[in-house]
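Structural overview
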Amino acid sequence: MAAKVIAFGSGKGGVGKTTIALNIGFAIASLEKKVLVVDTDVSLPNLDLYTGLERPIITLLEVLNGSADVQSAIYSIQMGLNILPCGSSLHALRDINMDKLEDVILELRNMGYDFIILDIPAGLSKFSMLPMTYSDEVVIIVNPDPASISDAQKVKAVLELAGIKITGVIVNKYKKSIYEDIGVKLGLVTIGTVPQDDAIIEARDRKKPLILLKPRSSSSKALLTIARRICGIPEKESILKRLLK
């Protein structure tokens, strides 16, 4: 069975999209699913920096310019998560063939993964739209601030015009504010909210999976809940709910 390809996009940069994509990848892997996270940002990649996999020799850039096969660019890291990083070589970037990305994703679909998460560049450039076009669905990452919400509305409008399925939004860096339900404001389902939490920053800086480093943190619990929803796994009921039944 072919993998489901989910693109994680955003209108505004700096919303924590890569951090969310990576940690949801870890959370899905913890649910005994085979998952691959792909960094499709060919101009400003960051995925490898957040994992401790520094300066990988073979990356998506080499695959797209035809100097390497896709299997050799995939790395298995902590918790059995697989990642396909994107290098920052100016020489490789010059020779890149973005049209080949469709073939790469098609090949990845049939490599035995349950889920493939695409970490998409922010905005609505060609480099953002192409990988979203090749995905099964898009999740928009948004922060509870006016600029992020406004940019997310623009992304939503363009994706709908292009006929690309939007599953919903994940609200990152969430804290109680005047924007109580951003999903309703955007006219989309809220898949989950990840609270503003120092544990996320600590995990990023230490290059560790959040759910291992701080499993009891509010952000870790939120990410696991989102991962369960993505996988279609029913949420665990609280003791109180079970007693009431």
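Above this text you will find the structure in question.
Procedures and definitions
Residues numbered from 1 in each chain as written. Predicted model: local features only at pLDDT ≥ 70, side-chain atom pairs only at ≥ 80, totals over all residues. Heavy atoms only, no water. Helix = DSSP H or I, 4+ residues; strand = E, 2+ residues; numbered from the N terminus. Rg over C-alpha atoms; globule rule 2.2 N^0.38 Å. Contact = heavy atoms within 4.5 Å. Areas by Shrake-Rupley, 256 points an atom, 1.4 Å probe, with all protein chains shown as cover. Lys, Arg positive; Asp, Glu negative; His and termini not counted. Charge placed at Lys NZ, Arg CZ, Asp CG, Glu CD. Phe/Tyr/Trp six-rings, centres within 6.5 Å; stacked < 30°, edge-to-face > 60°. Lys NZ or Arg CZ within 6 Å of the ring centre and 35° of its normal. Core = buried A, V, L, I, M, F, W, Y, C linked by side-chain atoms within 4.5 Å. Buried < 20%, exposed > 50% of the residue type's maximum accessible area, 1.4 Å probe, protein only.

Glancing now at the overall build of the chain. A tally of helices and strands in the chain yields eleven helices and eight strands. In terms of C-alpha radius of gyration, the chain reaches 18 Å, essentially the compact-globule figure of 18 Å for 245 residues. Of the contacts made within the chain by residues no fewer than 6 positions apart, 71% connect residues no fewer than 24 positions apart. Only carbon and sulfur atoms are counted for the fraction: they give 53% of the accessible area of the chain, which is about 11800 Å². The distance from the centre of the 30 positive side-chain charges to the centre of the 27 negative ones in the chain is 7 Å.

In total, this model carries zero aromatic pairs according to the counting rule given. The ring of Y113 has K34 sitting right over it, with the charged end atom 4.9 Å from the ring centre.

Glancing now at the nonpolar core. Of all hydrophobic cores here, the largest spans 45 residues; its most connected members are L84, L108 and I116. Once residues within four sequence positions are removed from consideration, L108 is found in contact with L36, V38, V70, I74, L84, Y113 and I116. By size, the runner-up hydrophobic cluster in this structure holds 36 residues, among which are I28, I200, A227 and C231.

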